[in-house]
Amino acid sequence: MIEIKNLSYNIKKKKILRDINLKIEDGDFWLIFGPNGAGKTTLLKILLGVITDYKGEIFIDNKNIKKNTKKETAKKISYLPQFEEFSLPLCVKEILLSGRYPYTSLFKDYSKNDFTIFNNTVDQFELHEFVNRDINTLSGGERKKVMLASTFIQNVSIILFDEPFTFLDPEAISNLTKFLIKLKDNGKTLIIVSHNIEILFPVVHKILALKRGEIVYSGSKLFDKDIFKQTYNVNYEQLISKNREVIYLDE
Amino acid sequence: MNKKYILIFGTGVIILLLIPFVGVIKIDFNSLLSNKQTSFIFWQLRVPRTILGFIAGSSLALAGLIFQNIFKNSLATPYTLGVSSGAALGVVFAIKLNLSISFLGLNGVYIYGFLGALISIFLILSIAKIVKSFSIYTLLMSGVAINFFFSSLIIIIQYLVDFTQTISIIRWLIGGITPVGYKEILFLLPLYFFFITITFFLKNELIIASAGDEFAYSKGLNIKKFRITVFIIVSFILGIIISFVGPIGFIGLIVPHISRILFKENFKSIIIATIIMGGLLLTFTDFLARTIMPPIEIPVGIITSLIGAPFFIFILISSLRNRN
């Protein structure tokens, strides 16, 4: 369970997040949406421990995350970035194995058990042909699969996604959605930042609408026109209806 | 993969064993055993020189590999980060003032080189602290700026010194392996083994660091702390190595690059290949440096750049072609 209490975050004097209060139960599937600059990615980075100079308190399983070591956090929570771009050649096997890094002690290499888990995951995700390849040579969908597998190896209960559908073709989108449902059925807590509302609305439990660092709405009321209009300044029907050739802005 | 290993190890051993025999004075087994003078040249000059070349070459290459990983940038080398120019400034300063403090029986120039490198590290870290960002961008940019600043200071000092000093300054700046004794080797060896050992211990962290900051956090590695700690340790070691052999360029850039191409699938192999090939490349180019135009010795830095630059462009073109 994640509990966010009075969370605020400023960069210099600019307010990025303002007084956020939120409770995320185990096994929940949350969609976070809102216009660019709403503070969505910042919120993910705070949960992940990248940003630590925020005001307020965050508890994961009743423990303040500031008191956790980075490895302890990584046993609970994992993050999939928007792009999988690597400036140096990086072997898929090594990316997958790094999912076991939170479980290693200082100066110790991966154990036999870690390799067993690795092998099982390679079987499960059918990654055999990719294992020894440089991840930069894979397609967008394949990279996503590798990153998901590495999260799986990490054995976390909470997974954060930042715009997971960017640059994916329809087949890869469909595969990813199916996989998300599978994760949900396995009891994982999923938090997804995305603009792809039409894909995610049918599968999520709860939504968090953010605008300029403030919560417009949080809860399980999914198909509410007002929330949508208030957040994006766009008519909901315009976006969801089948013949949406034009998305117009009211202002 | 085994074939590649055998090839690298094999040529390595052969090159290392043969190099001390060849030079202005040719040495064979008989004269080595019977002639006192040749045995002195062999054991007291050429063998330690070969060892120093190997240690320095593989340390420079390994430092390059580590910097590339922690800064996620294949152009991050001891050069671009300003550590080299700091060491250079220290040595040039020592030559100018004829400073000769000895430390543990070692030549004082080394200490000034090391102090110069320390100043570089200190400046880079202070800048990073002022702007409150230990990002790749900050470190690289301040490194480049410090590089330029120190280079101009070096040129000013060169104008002020007399002719013989200018020559020894230029020689040092190009980089060259000066004959050393076993005292220096014994000083460097523990450092060298320490360097290699920590690299293997930090293998997994180095892999994770190269995949990006968010990735590192999500796998439980405090990348900011890791990057700064490793940067300081490696720069310390570099400062010492550079004060011995001068700022020899290109090895820290080329060798990790070739190792990555040869051993894509395994970072451990990349580390091993970098250590061996870095050492071999410097011993071999040093061998060329003292045998191409006997009895003149060309500073080895010229040869590494002369061979290194075109070779690097060749590799770059062929690897980019393969990718597209």
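Residues numbered from 1 in each chain as written. Chains lettered and ligands numbered in written order. Predicted model: local features only at pLDDT ≥ 70, side-chain atom pairs only at ≥ 80, totals over all residues. Heavy atoms only, no water.

As for the pairing of strand β2 (residues 14-24) of chain A
Bridging between strand β1 (residues 2-11) of chain A and β2(A) involves 7 bridges; their strand directions are antiparallel. From the neighbouring strand, A:Y9 faces β2(A), where its bridge partner is A:L17. (Pairing = 2+ DSSP bridges. Helix = DSSP H or I, 4+ residues; strand = E, 2+ residues; numbered from the N terminus.)

Comments concerning the packing of aromatic side chains
All names here are of chain A. Tallied over the entire structure, the rule returns 12 aromatic pairs over all chains. Seen from their ring centres, F115 and F118 are 6.4 Å apart, and the 85 degrees between their planes marks the pair as edge-to-face. In this pair, F115 and F118 are both assigned in helix α4 (residues 112-125), 3 residues apart and thus about one turn of the helix distant. On the basis of relative accessibility, which here comes to 32%, the residue F115 falls in the partly exposed class. Take F118: its relative accessible area is 4%, and that puts it in the buried class. One aromatic cluster is present, built from ring pairs that chain together F125, F152 and F179. Its end group placed over the ring of Y54, K66 keeps NZ or CZ at 4.4 Å from the ring centre. Against the face of Y103 rests R100, its NZ or CZ located 4.2 Å from the ring centre. (Phe/Tyr/Trp six-rings, centres within 6.5 Å; stacked < 30°, edge-to-face > 60°. Buried < 20%, exposed > 50% of the residue type's maximum accessible area, 1.4 Å probe, protein only. Lys NZ or Arg CZ within 6 Å of the ring centre and 35° of its normal.)

Observations regarding the interface of chain A and chain B
At the interface, 31 residues of chain A touch 28 residues of chain B. Across the chain A to chain B interface the summed buried area is about 2600 Å²; carbon plus sulfur atoms make up 61%. Taken together, chain A and chain B are joined by 2 salt bridges. When the shortest N-O distance is used, the salt bridge between B:E214 and A:K45 registers 3.2 Å. (Contact = heavy atoms within 4.5 Å. Buried area = accessible area lost by both parts, 1.4 Å probe. Salt bridge = Lys/Arg side-chain N within 4 Å of Asp/Glu carboxyl O.)

Considering empty space enclosed by the protein
Inspection of the entire model under this criterion finds 3 cavities of 30 Å³ or more. A:L88, A:P89, A:L90, A:C91, A:E94, B:N69, B:I207, B:S210, B:R260, B:K264, B:F267 and B:I270 together form the lining of the largest cavity. When residues of the lining of the largest cavity are traced back to their parent elements, those giving at least two are α9 (203-210) and α13 (267-291) of chain B. Tallied by class, the residues present in the lining of the largest cavity amount to 7 nonpolar, 2 polar and 3 charged. Considered as a void within the structure, the second largest cavity measures approximately 50 Å³ in volume. B:I66, B:I198, B:T199, B:L202, B:L206, B:V230, B:I233 and B:V234 together form the lining of the second largest cavity. For the lining of the second largest cavity, the elements supplying multiple residues, two or more each, are α8 (182-201) and α11 (223-245) of chain B. (1 Å grid on protein atoms, 1.4 Å probe; cavity = no way out; pocket = protein on both sides within 12 Å on 5 of 7 lines; lining within 4 Å. Points joined across faces, edges and corners; volume = space filled by probe spheres on them. Nonpolar A, V, L, I, M, F, W, Y, C, P; charged D, E, K, R; others polar.)

Some details on a positive patch on the surface
All names here are of chain A. Together, K15, R18, K55 and R212 make up a region of like positive charge exposed at the surface. On the secondary structure map, K55 appears in strand β4 (residues 55-60). Residue classification places K55 among the exposed positions, given a relative accessible area of 56%. (Patch = residues over 30% accessible without salt bridge, like charges linked within 9 Å, V, L, I, M, F, W, Y side chains within 5 Å. Areas by Shrake-Rupley, 256 points an atom, 1.4 Å probe, with all protein chains shown as cover. Lys, Arg positive; Asp, Glu negative; His and termini not counted. Charge placed at Lys NZ, Arg CZ, Asp CG, Glu CD.)

Focus on α11(B)
Residues and elements named next belong to chain B. Taking 1.5 Å of rise per residue, the 23 residues of α11 would be expected to cover 33 Å, and the 32 Å separating its terminal C-alpha atoms lies within 8% of that figure. Here α11 lies mainly inside the structure; 17 of its 23 residues are buried. Looking one or two residues past α11, G246 carries a phi angle of roughly 85 degrees, positive in sign. (Expected span 1.5 Å × (residues − 1).)

Some details on the sheet that holds strand β5 (residues 63-64) of chain A
Sheet strands associate in pairs through backbone hydrogen bonding, adopting either a parallel or an antiparallel arrangement. Residues and elements named next belong to chain A. Taken in spatial order, the 4 strands make up an open sheet running β2-β1-β4-β5, and their pairing is antiparallel. The sheet terminates laterally at β2 and β5, the two strands that pair on one side only. As paired strands, β1 and β4 are joined by 5 bridges and run antiparallel to one another. Note that in β4 the partner of K5 across the bridge is E57. The sheet contacts of helix α1 (residues 40-48) involve β1, β2 and β4, and relative to β1 the element is tilted by about 120 degrees. (Axes fitted to C-alpha atoms, helices over the stretch in contact; angles between N-to-C directions.)

Focus on helix α8 (residues 225-232) of chain A
Residue and element names in this part refer to chain A. Taken together, the buried positions of α8 are occupied by I227, F228, T231 and Y232. Mapping the buried residues of α8 onto a view down its axis gives an arc of 100 degrees, with all of them on the same face. When the buried face of α8 is taken as reference, the exposed residues oriented beyond 90 degrees from it are K225 and D226. (Arc of directions from axis to C-beta.)

A few points about the confidence of the model for chain A
Averaged over all residues, the pLDDT of chain A equals 85, while 93% of them reach at least 70. Long-range and interchain partners of residues 242-251 of chain A, a stretch whose pLDDT sits below 50, account for 18 contacts in this model, where long-range means more than four residues apart. (pLDDT = per-residue confidence, 0-100.)

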